[in-house]
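# Fold and contact review
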Amino acid sequence: MGLFDNIFRPSPNKSSAALAKERLQIIVAHERGSRRGSPDYLPALKKELLEVVRKYVPVDQSQIKVHLDREGGYEVLELNITLPDEEPQSRRGLEIPRNTGQG
Amino acid sequence: MATVIVVTSGKGGVGKTTTSASFATGLAQRGYRTVVIDFDVGLRNLDLIMGCERRVVYDFINIINGEANLNQALIRDKRVENLHILPASQTRDKEALTKEGVERVLNELRQNFEYIVCDSPAGIERGALMALYFADEALVVTNPEVSSVRDSDRILGILASRSRRAEQGEAPVKEHLVLARYAPERADRGDMLSVEDVLEILGIPLLGVIPESPTVLQSSNAGVPVVLEDGSDAGAAYGDLVDRFLGKNLPHRFITTQKKGFLKRLFGGG
Ligand SMILES: Nc1ncnc2c1ncn2[C@@H]1O[C@H](COP(=O)(O)OP(=O)(O)O)[C@@H](O)[C@H]1O
Ligand SMILES: [Mg+2]
């Protein structure tokens, strides 16, 4: 605990609020990212869909896109699976309209 | 056109009820017909803070269930004209708070009031969701503390996605930050998040900073909203907050350490 410690180390109190702010910025950014337009079940849905599709066609994670849109009283769950190249670059869309009950 | 304002936070004990009471009282003091509704079913407290606990006969859920009409349930404030309180039910189960029921009561209140203030319970369950669902504006009450700030951000997400305005694709709920229980000297010392820190994280406009003040407890002991306490910092901060809400451009007070002068130290002034 020399003189230098006191000069160069930020005071413990100072770092306390700064640490809180830093931790908050990280967690808040993370939580905002995961809730933007996507309900909690979306990642799990995506994973399970991928498993089902894989039983029939070899696709990987990046070739399946799940997207949720809100239009009036409807939520539209849009599912895009890019199938591999045997049939030349076919993209097949599947739309599942879901009535949210205020339409 | 009545405006519905929810006072919300996610976290409990941050000052929602204190804020609801003073905000509603301040609006009524300035001549606006105001009603404040306690949405905390099972944990009624607004009546105590407003000092009308012994005059509660019927409650919010009685009205929803058609067991009483609004005139029977609304409590007219004894101190401030234009101010009414609608107490929460102390006994009924929360399921009674239905979207249809709440909407019906709000629509009836809209006929007679200019401002409808909804004191939300903590959490993100039914009571809190119902309190914010019909809101036009939101006072997000936050303490300068990590869990409170995080919960406020969560509530902002819910306002943006699960309010009626969001669901109907209307203009979003107007958000206001109320930073409560602020202690400038602790923020200056660096052991508490500062106003700027919280603003930077939450990114919504600051409506008011309410200092940590012993007067809040004293006024709740007495059942007097702190905004009515002359000479109190917290009361003055709530007064400013109401004026700002109504469009006045006032500087924020009580956010920097006040060097207490000799006289002030001698005679107090908190
Ligand atoms: N500005 C303040 N200074 C000191 N104490 C406060 C302040 N605001 C609220 N409190 C205290 O914090 C506690 C919780 O306040 P309350 O308004 O009931 O919070 P909530 O409704 O969010 O649960 C109460 O004991 C209240 O007296
Ligand atoms: Mg409360």
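Use the structure listed above.
Every chain's residues receive numbers from 1 upward, in the order its sequence appears when written. Chains and ligands are labelled sequentially in the order written, the chains with letters from A and the ligands with numbers from 1. Given that the model is predicted, a residue must reach a pLDDT of at least 70 before its local features are reported, and side-chain atom pairs must reach 80 or more before they are shown or counted; all residues, however, enter totals for whole chains, interfaces and linings. The side-chain figures draw on all heavy atoms in the structure; neither hydrogens nor water molecules are used.

## Observations concerning the overall build of chain A
Heads up, the condition is: Only DSSP runs of H or I covering at least 4 residues are called helices, and only runs of E covering at least 2 are called strands; the numbering of each starts at the N terminus. Relative accessibility decides the category of a residue: with a 1.4 Å probe and only protein chains considered, values under 20% of the type maximum give buried, values over 50% give exposed, and everything between is partly exposed. In this description, contact between two residues means that some pair of their heavy atoms is separated by no more than 4.5 Å. Computed by Shrake-Rupley with a 1.4 Å probe, the accessible areas treat only the displayed protein chains as cover when residues are assessed.
When its secondary structure is counted, chain A shows three helices and three strands. From first element to last, N terminus to C terminus, chain A shows the α and β order α-α-α-β-β-β. Residues counted as buried form 22% of the 103 residues belonging to chain A. Within chain A, contacts between residues separated by at least 24 positions form 27% of all contacts whose residues are at least 6 apart in sequence. As displayed, chain A has an accessible area near 7800 Å², and 56% of this comes from carbon and sulfur atoms.

## Some thoughts on the site of ligand 1
Residue and element names in this part refer to chain B. Stated formally: Think of it this way: one heavy atom of a residue within 4 Å of a molecule or strand is enough to make that residue near it. Each polar contact in these results corresponds to two N or O atoms within 3.5 Å; when the atoms are within protein, one needs to be able to donate a hydrogen and the other to accept it, and residues that are neighboring in sequence are counted only if both atoms are side-chain atoms. Classes in brief: Ala, Val, Leu, Ile, Met, Phe, Trp, Tyr, Cys and Pro nonpolar; Asp, Glu, Lys and Arg charged; the others, Gly included, polar.
In the vicinity of ligand 1 lie 13 residues, with Gly 13, Lys 16, Thr 17, Thr 18 and Arg 181 positioned nearest. At 3.2 Å, a backbone N or O of Val 14 approaches an oxygen atom of ligand 1. With respect to ligand 1, the side chain of Thr 17 contributes an N or O atom lying 2.9 Å from an oxygen atom. Looking at the shell around ligand 1, the elements that each hand over two or more residues are α1 (16-29) and β8 (206-211). Top contributing element to the shell around ligand 1 by residue count: α1, with three residues. Along the lines of polarity and charge, the residues of the shell around ligand 1 split into four nonpolar, six polar and three charged.

## Comments concerning the interface of chain B and chain A
What counts here: A simple way to read buried area is as the amount of 1.4 Å-probe accessible surface that goes missing from two parts once joined, with both sides added. The working definition used for a salt bridge is a side-chain nitrogen of Lys or Arg within 4 Å of a carboxyl oxygen of Asp or Glu.
Listed as interface residues are 17 residues of chain B and, on the opposing side, 16 residues of chain A. Counting each side, the surface lost to burial between chain B and chain A is near 1600 Å², with a carbon and sulfur contribution of 50%. Of all residues in chain B, the largest losses of buried area upon contact with chain A belong to Arg150(B), Asp153(B) and Ile201(B), amounting jointly to 32% of the total for that side. Our count for the contact surface shared by chain B and chain A stands at four salt bridges. Its salt-bridge partner being Glu31(A), residue Arg150(B) comes within 2.6 Å of it at the nearest N-O pair.

## A few points about the packing of aromatic side chains
Residues and elements named next belong to chain B. What counts, and what does not: Between the rings of Phe, Tyr and Trp (Trp by its six-membered ring), a pair exists once the centres lie within 6.5 Å; its type follows the angle of the planes, with under 30 degrees stacked, over 60 edge-to-face, and the other angles tilted.
Scanning all chains against the criterion turns up five aromatic pairs over all chains. Between Tyr 32 and Tyr 115 the ring centres are 5.4 Å apart and the planes differ by 75 degrees, which places this aromatic pair in the edge-to-face class. Of the two residues, Tyr 32 sits in the loop between α1 and β2 (34-38) while Tyr 115 sits in strand β5 (residues 115-119), which places them 83 residues apart along the sequence. Judged by relative accessible area, Tyr 115 falls into the buried class, the value being 13%. Here the aromatic residues Phe 23, Tyr 32, Tyr 115 and Phe 245 are joined through ring pairs into a cluster of three or more.

## So, helix α5 (residues 99-112) of chain B
Residue and element names in this part refer to chain B. For the record, the criterion: A helix is expected to span 1.5 Å for every residue after the first. Think of it as the arc spanned by the lines of direction from the helix axis to the C-beta atoms.
Between its first and last C-alpha atoms α5 spans 21 Å; for 14 residues at 1.5 Å apiece the expected length is 20 Å, and the two agree. Burial in α5 covers these residues: Gly 101, Val 102, Val 105, Leu 106 and Leu 109. Each buried residue of α5 sits inside an arc of 125 degrees when the element is viewed along its axis, so together they form one side. Within α5, the exposed residues directed more than 90 degrees away from the buried face are Glu 100 and Gln 111.

## Remarks on the pattern of salt bridges
Evaluated as defined, the whole model comprises 16 salt bridges over all chains. For Arg32(A), the salt bridge is made with Asp153(B), and the minimal N-O distance between the two is 2.5 Å. Here Arg32(A), found in helix α2 (residues 12-35), pairs with Asp153(B), found in helix α7 (residues 146-162), and the two come from separate chains. Residue classification places Arg32(A) among the partly exposed residues on the basis of a relative accessible area of 25%.

## Points about the side chain of Lys21(A)
Along the chain, the position of Lys21(A) falls in helix α2. Residue class for Lys21(A) comes out buried when judged on its relative accessible area of 18%. In this view, Lys21(A) contacts Leu193(B), Asp197(B), Glu200(B) and Ile201(B); residues no more than four positions away in its chain are not counted.

## A short note on the sheet that holds β5(B)
Residues and elements named next belong to chain B. The following threshold applies: Between any two strands, at least two bridges found by DSSP are needed for them to pair.
Strand order across the open sheet formed by eight strands is β3-β4-β2-β5-β1-β6-β7-β8, with mixed pairing between neighbours. Looking at strand neighbours, the two that pair on one side only are β3 (75-76) and β8, the edges of this open sheet. Relative to strand β4 (residues 83-86), β2 runs parallel, the two sharing four bridges. Residue Ile 37 lies in a different strand from β4, and its bridge partner there is Leu 86.

## A look at the side chain of Asp136(B)
Residue and element names in this part refer to chain B. Its place among the elements puts Asp 136 in the loop between α6 (126-133) and β6 (137-142). Residue Asp 136 is classed as buried on the basis of its relative accessible area of 13%. Residues within four places of Asp 136 in sequence aside, it is in contact with Ala 2, Thr 3, Val 4, Arg 110, Arg 165, Val 173 and Lys 174.

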